[in-house]
Amino acid sequence: MMDNASQKVRLLEQAPAVEGQFSQFVENTDWHAMTQSHQVKTEQDVLRALSKNKLEVEDFAALISPAAEPYLLEMVAKSEQLTLQRFGNTVSLFAPLYLSNTCANECTYCGFSMSNAIKRLTLDEPQVGKEVAAIKGKGFDHILLVTGETNKVSMPYFERMIPLIKPHFSQLSMEVQPLDTDEYKQLQTIGLDGVLVYQETYRRKTYLEHHLRGNKSNFNYRLDAPDRIGQAGIHKIGLGVLLGLEDWRTDSIMMAHHLRHLQKRYWRSRFSVAFPRIRPCEGGIVPKSVISDRQLVQLIAAWRLFDRDLEMSLSTRESAKFRHHAVRMGFTTMSAESKTQPGGYADDAQAALEQFEISDERPVADIMAMIREQGREVVWKDWDPALSSVNE
């Protein structure tokens, strides 16, 4: 970490690990041993993993190891087969709606970081209404609400905006600051269906090097957010790491452990994973661990082989060329024509408001054509809210 960055550090008092939650697992896990677990994998380990129907985390480690690289085509073919068996011939499209880029965190990789000299905007009710109309006009029925992390955009704001937005969409998810269990329960009663909380990296030392100030610097509180989401009974829980902050293989193995932990405890919820790679942004960083396109394909295929029921999402961070070929690899959802700044759909806000640069800027119609060229069908609605209330 650079000297000028270290001078900005204002870490919060760190929450302790919680017994029975994933923070306890991380506290008792040696990062270097986890790294070695994929470095020592052999061809025999890979072949054993490929022959199994139900994979353990050790098998996942083998499939993302260098030893599995010669078997990439076989992995991709099996991934496609499993996806078709479980999810059919469909890909669901969603749009992120950025409600605010105001943020009280200092994160080295994010354009919203509080020290970046960008224009700040938090949408009010009329502006949100315009964004909703613009997004609905493109055909979307699944929306992801995104904000920076600040007390000014918190529960009172969410309680005003969700009832305004939810009636227009069959599925509403959020990617905002971690909340308490009772707060997740409250948001569920007014229309929240899913929550995405990306840990960024599971290595505490690296995490604290990149989260220099604000609530996000509380490692364990963020780490245990998916446990609180599960305890609240939220329909879908989304996981992810920011590929590039740390060794991507080790972080991915930690996330596989995290998924299994959650599945054992909150089996009524659905689960999803995403694969964000560090993208250019205002005040951004150079990745510590670069994952190539070929390695990303290997990681994607390994996740599908690890869990055939897992929802997998691909964002517009990736290039049009990559997304064109990735449609058949195991993804169930993709974002399209994304705007990563508040007001971007209705008002065509300036790029200075963006969280990060997108790479695939094609309009929705082009994305739909691309998906159909790959032999898939686009779906706008993949479930109904009534389904989540059965037997409750």
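Above this text is the structure in question.
Residues numbered from 1 in each chain as written. Predicted model: local features only at pLDDT ≥ 70, side-chain atom pairs only at ≥ 80, totals over all residues. Heavy atoms only, no water.

*Asks:* Can you walk me through the overall build of the protein in this structure?
*Replies:* A tally of helices and strands in the protein yields 16 helices and eleven strands. Considering only intrachain contacts with a sequence separation of at least 6, the fraction spanning at least 24 residues in the protein is 75%. (Helix = DSSP H or I, 4+ residues; strand = E, 2+ residues; numbered from the N terminus. Contact = heavy atoms within 4.5 Å.)

*Asks:* When you look at helix α9 (residues 181-189) in this model, what are you seeing that I'm missing?
*Replies:* Since one α-helical turn is 3.6 residues long, residues separated by three or four positions face the same way. Within the span of α9, buried status applies to T181, Y184 and L187. Considered in projection along α9, the buried side chains sweep an arc of 125 degrees and stay on one side of the axis. In α9, those exposed residues whose orientation departs by more than 90 degrees from the buried face are D182 and T189. Those residues of α9 that are buried are in contact with α8 (155-165), β4 (171-175), β5 (194-196) and α12 (225-231). Looking at the residues trailing α9, positive phi occurs at G191, about 130 degrees. (Buried < 20%, exposed > 50% of the residue type's maximum accessible area, 1.4 Å probe, protein only. Arc of directions from axis to C-beta.)

*Asks:* Quick question: what am I supposed to make of the packing of helix α3 (residues 31-39) against helix α13 (residues 248-265) here?
*Replies:* Relative orientation and spacing of two packed helices are given, respectively, by the angle between their axes and the distance between those axes. The interhelical angle for the contact between α3 and α13, taken along N-to-C directions, is 100 degrees, at an axis separation of 9 Å. With respect to each other, α3 and α13 are oriented roughly perpendicular. Each of W31, M34, T35, S37 and H38 in α3 lies in contact with α13, whose residues at this interface are R249, T250, D251, I253, M254 and H257. Residue composition of the contact of α3 with α13, grouped by class: four nonpolar, five polar and two charged. (Axes fitted to C-alpha atoms, helices over the stretch in contact; angles between N-to-C directions. Parallel < 35°, antiparallel > 145°, perpendicular 65-115°, else oblique. Nonpolar A, V, L, I, M, F, W, Y, C, P; charged D, E, K, R; others polar.)

*Asks:* Would you take a moment to explain the nonpolar core for this structure?
*Replies:* Side chains of nonpolar character tend, in soluble globular proteins, to be buried together. Counting residues in hydrophobic clusters, the biggest one holds 100 residues, and the most contacted among them are I165, F275, L299 and W303. Aside from chain neighbours lying at most four places away, what touches I165 is L97, L99, V128, V132, I143, L145 and L172. Formed by 16 residues, the second largest nonpolar core is a distinct cluster that contains Y98, C103, I118 and L196. (Core = buried A, V, L, I, M, F, W, Y, C linked by side-chain atoms within 4.5 Å.)

*Asks:* Got a minute to help me understand the state of the cysteines in this structure?
*Replies:* As used here, a disulfide is simply a covalent bond connecting the sulfur atoms of two cysteines. Counted under the stated rule, the structure contains zero disulfides. Free cysteine: C103, not disulfide-bonded; nearest cysteine sulfur from C107 at 6.0 Å. With no disulfide partner, C110 has as its closest neighbouring cysteine sulfur the one in C107, 6.1 Å distant. Look at C110 and you get buried, because its relative accessible area is 12%. (Disulfide = S-S within 2.5 Å.)

*Asks:* Explanation requested: the side chain of E106 in the structure shown.
*Replies:* Within the fold, E106 resides in strand β2 (residues 106-107). Overall, the relative accessible area of 6% leaves E106 in the buried class. A polar contact of 3.4 Å, which involves the side chain of E106, links it to the side chain of S113. (Polar contact = N/O pair within 3.5 Å; in protein donor to acceptor, adjacent residues only side chain to side chain.)

*Asks:* It is not clear to me how the packing of aromatic side chains should be interpreted in this structure. Could you clarify?
*Replies:* When we look at a pair of aromatic rings, we describe it by the centre distance and by the angle of the planes. Summed over the entire model, instances satisfying the criterion amount to ten aromatic pairs. Relative to W303, the ring of F60 has its centre 4.6 Å away and its plane inclined at 50 degrees; by these criteria the two rings are tilted. With F60 in helix α5 (residues 57-63) and W303 in helix α14 (residues 293-306), this pair connects stretches of sequence that are 243 residues apart. In this arrangement the basic side chain of K136 is found over the ring face of F169, its NZ or CZ atom lying 5.3 Å from the centre. (Phe/Tyr/Trp six-rings, centres within 6.5 Å; stacked < 30°, edge-to-face > 60°. Lys NZ or Arg CZ within 6 Å of the ring centre and 35° of its normal.)

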